[in-house]
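Structural description and commentary
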Amino acid sequence: MKKDILEKGAILQRDRETYAIAPHIPGGFTDTATLRKICDVADTYGLSVKLTSAQRIGLFGVKEEELDAVWADLNQDQGAPIGLCVRSVRICPGTTQCKRAVQDSTGLGLKLDSIYHAMRLPNKMKMGISGCLLSCSECAVKDIGVLGTNRGWRIMVGGNAGPRPRIGEQLVDNVADQEQVLDIVSRIVEFYKSSGEEGRLGRLVEKMGIEAFRAAVLGEAGQP
Ligand code: SF4
C-alpha cells in the first residue's frame, strides 16, 4: 500500500495513487518567474494547484514515477508539509508593506525560516511572526508566536490548532530587538528538544505550567 514519501516531501492523496508536493516559499514571498515556473510544471504534468495555509503553493496529482522529474523541473527547495519538524514559519508583511505594522516581521520571520524550517523536532512545530498585535499570522495558535509591539516583541508559546486546540501563553514581552528574539526562540527549541516531551510544545507548557516553563527557558528572572 502506498504511503507518504517524506524524503520527497510527497503526501499521498485521497485517491491513494497520486501525491501532493509544495515547494518551499519562505513566508509566501515569491516572484513572477517562480510563479511562472510552477505554472509551467503544473501544465506539463497535468497538476492542480492550491494556495495553502502555510503560505505555500501545493501541486496536486503528481504520479509517484514522476516525483523526481517534477522536483527537477521545479528546481526549488522542498517545503516541509509533513513529518516531525518545523513545518512552517508564517510571516505577515510587517513594516515592509503594511501601514499598521510597528515591527519588521518580514526580516525577523525570514531569519527564523532560514534557521528552523524543516528542523527535526520531537513533534511538528509551527511558528507565526506578526508585525503588530492584530496578529495576521495567527500567533496565538502557533507553537511559537512572535508579535511586534510599540515596545519591541512579544513571544507566545504553546499554541496549536488541530483536534485539541490550545491558545498559546505569553512567555515574555518587550523584547528589545530581533537578536534577542532569535536567542529566546533558540532557547525554547533547545529546551523542547532536550525535554523528553513527545507531544507538541503546548503539551510541555501545559504539564510544566507557564511559570516553570518560563524559568526553565529564561532563568528565574523570567527575562533574557
Ligand atoms: S499583523 Fe499587523 S503588521 Fe502584520 S499584516 Fe496584520 S495588520 Fe499588518
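Scoring rules and cut-offs
- Residues numbered from 1 in each chain as written.
- Predicted model: local features only at pLDDT ≥ 70, side-chain atom pairs only at ≥ 80, totals over all residues.
- Helix = DSSP H or I, 4+ residues; strand = E, 2+ residues; numbered from the N terminus.
- Rg over C-alpha atoms; globule rule 2.2 N^0.38 Å.
- Buried ≥ 20, exposed ≤ 12 C-beta atoms within 10 Å, placed from the backbone.
- Contact = placed C-beta atoms within 7 Å.
- Expected span 1.5 Å × (residues − 1).
- Core = buried A, V, L, I, M, F, W, Y, C linked by C-beta atoms within 7 Å.
- Pairing = 2+ DSSP bridges.
- Axes fitted to C-alpha atoms, helices over the stretch in contact; angles between N-to-C directions.
- Parallel < 35°, antiparallel > 145°, perpendicular 65-115°, else oblique.
- Left-handed = near helix turned anticlockwise from the far one by under 90°.
- Nonpolar A, V, L, I, M, F, W, Y, C, P; charged D, E, K, R; others polar.
- Domains from an automatic or database assignment.

Take the overall build of the protein next. Secondary structure assignment for the protein yields six helices and nine strands. Relative to the globule expectation of 17 Å for 224 residues, the C-alpha radius of gyration of the protein, 18 Å, shows essentially globular dimensions. Put simply, the protein has 224 residues, and 39% of those count as buried. Of the contacts formed within the protein by residues at least 6 apart in sequence, a portion of 57% connects residues at least 24 apart.

Our next topic: helix α1 (residues 32-45). Between its first and last C-alpha, α1 extends 20 Å over 14 residues, near the 20 Å set by a 1.5 Å rise per residue. Among the residues trailing α1, glycine 46 stands out with phi positive, at a value near 65 degrees.

As a further point, take the nonpolar core. Counting residues in each nonpolar core, the largest one holds 37 residues, and the members touching the most others are Met127, Ile129, Val146, Ile155, Val157, Val181 and Ile188. When residues in this core are grouped by element, the largest group, six residues, is from helix α4 (residues 178-194). With sequence-adjacent residues up to four places away left out, isoleucine 129 is seen in contact with Val89, Ile91, Cys92, Ser105, Leu108, Gly109, Leu112, Ser137 and Val146. The next biggest cluster of nonpolar side chains, apart from the first, holds 13 residues, and it includes Ala20, Ala22, Ile38 and Leu59.

The next subject is the pairing of strand β7 (residues 144-149). The two faces of a sheet get side chains in turn, since along a regular strand they alternate between them. In terms of burial, β7 is a largely internal element, five of the six residues being buried. Between β7 and strand β8 (residues 152-157), which pair antiparallel one after the other, the connecting turn spans two residues.

Turning to the packing of α1 against helix α2 (residues 67-74), a few remarks are in order. It is the contact of α1 with α2, at a shortest axis distance of 9 Å, that shows an interaxial angle of 150 degrees. Judged by the inter-axis angle, α1 sits roughly antiparallel to α2. Remark: the crossing between α1 and α2 carries right-handed chirality. On α2, the residues that touch Lys37, Ile38, Val41, Thr44 and Tyr45 of α1 are Val70, Asp73 and Leu74. In the contact of α1 with α2, the residues fall into five nonpolar, one polar and two charged.

Here we take up the environment of valine 189. Tracing the chain through its elements places valine 189 in helix α4. C-beta crowding within 10 Å serves as the criterion here: with 21 such atoms nearby, valine 189 is assigned to the buried category. C-alpha separation for the pair valine 189 and tyrosine 116, spaced 73 residues apart in sequence, amounts to 9.4 Å.

Domain boundaries assigned for the protein yield domain 1 (6-74) and domain 2 (86-218). The C-alpha centroid of domain 2 is placed 27 Å from the C-alpha centroid of domain 1. Tallying the contact residues gives five residues for domain 1 and 10 residues for domain 2. Of the residues belonging to the side of domain 1 that touches domain 2, the class tally is two nonpolar, three polar and no charged.

This part takes up the sheet that holds strand β4 (residues 57-62). In a beta sheet, neighbouring strands are held together by backbone hydrogen bonds and run either parallel or antiparallel to one another. The four strands lie next to each other as β1-β2-β4-β3, forming an open sheet whose pairing is antiparallel. On the outer flanks of this sheet lie β1 (11-12) and β3 (48-51), each paired with one strand and no other. Here two bridges tie β1 to strand β2 (residues 19-21), and the two strands are oriented antiparallel to one another. When the sheet's bridge partners are listed, isoleucine 11 is paired in β2 with alanine 20.

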